[in-house]
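Structural overview for review
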Amino acid sequence: MELKREIYDKLLAWKAEGGGRVLEVKGARQTGKTFIINKFARENYNNCLYINMLQKSGEDFLASMKKAEEWEPGQPRKENWLLEAFRLFDSSFEDNQDTVVVIDEVQESPKVYSRIREFAREFQCHFVVTGSYLGKVLEKDYFLPAGDMESLTLYTLSFEEFLDAFGRKELFEKIGLYGESSHEEYDELKSYYEIYCEIGGYPAVVMSYLEHRSVQKCRELLLQIIQIFIDESQRYFDDILEMNLFEQVFPAIAQTMVKEKKGSDDLITELSKIVFKEETNRVTKKSMNRVTAWLYRSHIIGFCGKANDCSPLNTTMNARFYFLDLGVCRYFLNIAGADPATIRGIVNENFVYIDLLKRTKALEIAGTEPMFGSYKEGEIDFLVNSRENYKNYAVEVKAGKTVGNSVRQLLKDGKVEAVYYLKGDTYGGVTERIVTIPIYLASRVKFDYEG
């Protein structure tokens, strides 16, 4: 069975625009980047050249580049030695718009990555570069080709993609947001959502569940994926302290998610205290910064800002951690020792965070990262500033039926236009300025309620 991915349509749009800029496809290890890019290349181009910088093809291409750029003083300069390099690598290479060059694990070679500007400007064919550890390219040996590259991110499967694997995406798309559909249909989607919260969206994990219907097998596979990521990440670090931190930092992040409900002005210090069990010094704090930055750029974790006084214009950046896959989130909350109710609540909140993160990247809502809000003595799970009508909305991820004091105060003081309650045990409804929606339909919320 082949899992359908929403990024495919974005790849088609990039090609339709002419492919004039090199496309960089980012994403965590094992999210299916190589598979979807190769599928796209096979189905939309007459010719595809695939180079993996971690494999023999990468070695061969570097050898071709070295041969092509050979030059002796007094000899004519080569106008396009890179074109010659591709022809040395593959004699059938044709530089036209029916050809796509895919360079996988591009972070392994500063020499190749630093040629991206030339790929964009000197070739007719299209270029796609991918990598799971693109944080590596921030080192000084890498030339960053601003203006000559555009990026897409492949996340683990969204809930919609997850449902599509079970043939139930159409139900998700047509079901009413406010209880207009049958209870049986809501209950069915909720049952899928509960599975999704258990195993997450890594393609191999979802495929395992489709085959075996075993959450335990999925957890074992997820652990293997996590361990591969840790082992592969460690080879990019020379400092033994930083290498050892990878084993410890995941459950420590989960602990901050449990402890720091109101967020922290210095997440790195808090994280260091958990790992080292004492006041951190500059050396350990520097190491923690490097490791968390690596996890962020490897698309394993994300940050959430804090909107002080529930104002998007008064935000403290990086005040909370979240994981970018629910299966990973649940696994490390378990490791950290959280109780089932706490795990359920944080996983639900993490689900909404991922949806809001994608909306910030798509410029649907304000900010470079999602925000939670503080107001007077209280706080709300998320504050959304819509870029459609420029109004603020509170988002609460709740299990109960009561309306909190913080929400009442926000509405009374006019700090938000409306409140969206995202709950597992609801069929939805609207009462005055409070909109209640099943949490598994979060991505269908428009944030446009105006009373």
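Before reading further, recall that the structure is shown in the block above.
Here is a short report on the structure shown in this document. Small disclaimer: the values here were computed from a predicted structure and weren't measured. (Residues numbered from 1 in each chain as written. Predicted model: local features only at pLDDT ≥ 70, side-chain atom pairs only at ≥ 80, totals over all residues. Heavy atoms only, no water.)

Section: the overall build of the chain
Operational definition: Strands are runs of DSSP state E lasting at least two residues, helices are runs of H or I lasting at least four, and both sets are numbered from the N terminus onward. Here the globule rule is a power law, 2.2 Å times the number of residues to the power 0.38, and the radius of gyration is based on C-alpha atoms. Only protein chains enter the accessibility calculation, which uses a 1.4 Å probe. A residue is then buried if its area is under 20% of the maximum for its type, exposed if over 50%, and partly exposed in between. Two residues qualify as a contact provided that any one of their heavy atoms is within 4.5 Å of a heavy atom in the partner residue. Areas reported here follow the Shrake-Rupley algorithm with a probe of radius 1.4 Å; residue values treat only the protein chains shown as occluding.
Of regular secondary structure, the chain possesses 17 helices and 13 strands. What you see for the chain is a C-alpha radius of gyration of 24 Å, in line with the 22 Å of a compact globule of 451 residues. Each principal axis of the C-alpha distribution contributes one length, and for the chain these read about 80 × 55 × 45 Å. Residue burial in the chain is summarised as follows: out of 451 residues, 53% are buried. Long-range pairs, those at least 24 residues apart, make up 67% of the contacts in the chain between residues at least 6 apart in sequence. By element, 46% of the accessible surface of the chain is carried by carbon and sulfur atoms, the whole surface being about 21000 Å².

Structural notes on the packing of aromatic side chains
Rule in force here: A pair of Phe, Tyr and Trp rings is counted when the ring centres sit within 6.5 Å of each other, with Trp represented by its six-membered ring. The angle between the planes then sorts it: under 30 degrees is stacked, over 60 is edge-to-face, the rest tilted.
Within the structure shown, the criterion is met by 43 aromatic pairs. Their ring planes at 5° and their centres at 5.9 Å tell us that Y133 and W294 sit as a pair that is stacked. With Y133 in the loop between β4 (126-130) and β5 (149-153) and W294 in helix α14 (residues 282-297), this pair connects stretches of sequence that are 161 residues apart. Judged by relative accessible area, which is 2%, Y133 ranks as buried. Residue classification places W294 among the buried residues on the basis of a relative accessible area of 7%. Ring plane angle 20° and centroid distance 6.3 Å describe the contact between F159 and F162, whose orientation is recorded as stacked.

Remarks on empty space enclosed by the protein
Keep this limit in mind: The rule is simple: put a 1 Å grid over the protein atoms alone, call a set of points where a 1.4 Å probe fits but cannot get out a cavity, call an open set with protein on both sides within 12 Å along at least five of seven lines a pocket, and count a residue as lining if it has an atom within 4 Å of a point. Grid points are joined across faces, edges and corners, and a volume is the space filled by probe spheres set on the points.
Summed over the entire model, instances satisfying the criterion amount to three cavities of 30 Å³ or more. Of the pockets and cavities examined, the largest cavity occupies roughly 70 Å³. Secondary structure elements with two or more residues in the lining of the largest cavity: α11 (215-234) and α15 (326-336). One number sums up the size of the second largest cavity: a volume of about 50 Å³. Contributing to the lining of the second largest cavity are G27, A28, T31, T153, L154, Y155, T156, H299, L324 and D325.

Regarding the environment of Y178
Turning to its location among the elements, Y178 is positioned in the loop between α8 (169-174) and α9 (183-199). Measuring from C-alpha to C-alpha, the distance between Y178 and I437 comes to 6.3 Å, with 259 residues separating the pair along the chain. In this structure, Y178 is in contact with Y186, Y427, G428, G429, V430, V435, T436 and I437, ignoring residues within four places of it in sequence.

Remarks on the sheet that holds strand β2 (residues 47-52)
To keep it simple, the criterion reads: When DSSP finds two or more bridges between two strands, those strands count as paired. A fitted line through C-alpha atoms represents every axis, and for helices the fit uses only the stretch in contact; the resulting angles, taken between N-to-C directions, go from 0 to 180 degrees.
Here we have five strands laid out as an open sheet, ordered β2-β3-β4-β1-β5, and parallel in their pairing. For this open sheet the edge positions go to β2 and β5, each flanked by a neighbour on one side alone. Between one strand axis and the next, the sheet turns through 20° on average, direction left out of account. Pairing between strand β1 (residues 22-26) and β5: five bridges, direction parallel. By the bridge assignment for β5, E24 is matched with S151. In this fold helix α1 (residues 7-16) packs onto β1, β4 and β5, with an angle of close to 165° to the strand it touches most, β5.

A word on the pattern of salt bridges
Operational definition: For salt bridges, the criterion is a side-chain nitrogen of Lys or Arg within 4 Å of an Asp or Glu carboxyl oxygen.
Scanning the model with the defined rule gives 26 salt bridges in all. D309 serves as the salt-bridge partner of K415, at 3.5 Å between the closest nitrogen and oxygen. Of the two residues, K415 sits in the loop between α17 (405-412) and β11 (418-423) while D309 sits in the loop between β6 (301-307) and β7 (315-323), which places them 106 residues apart along the sequence. Looking at K415, the relative accessible area reads 23%, which means it is partly exposed. Taking the relative accessible area as the measure of exposure, D309 reaches 40% and is therefore partly exposed. Each of E2, K39 and E43 takes part in one network of salt bridges that share partners.

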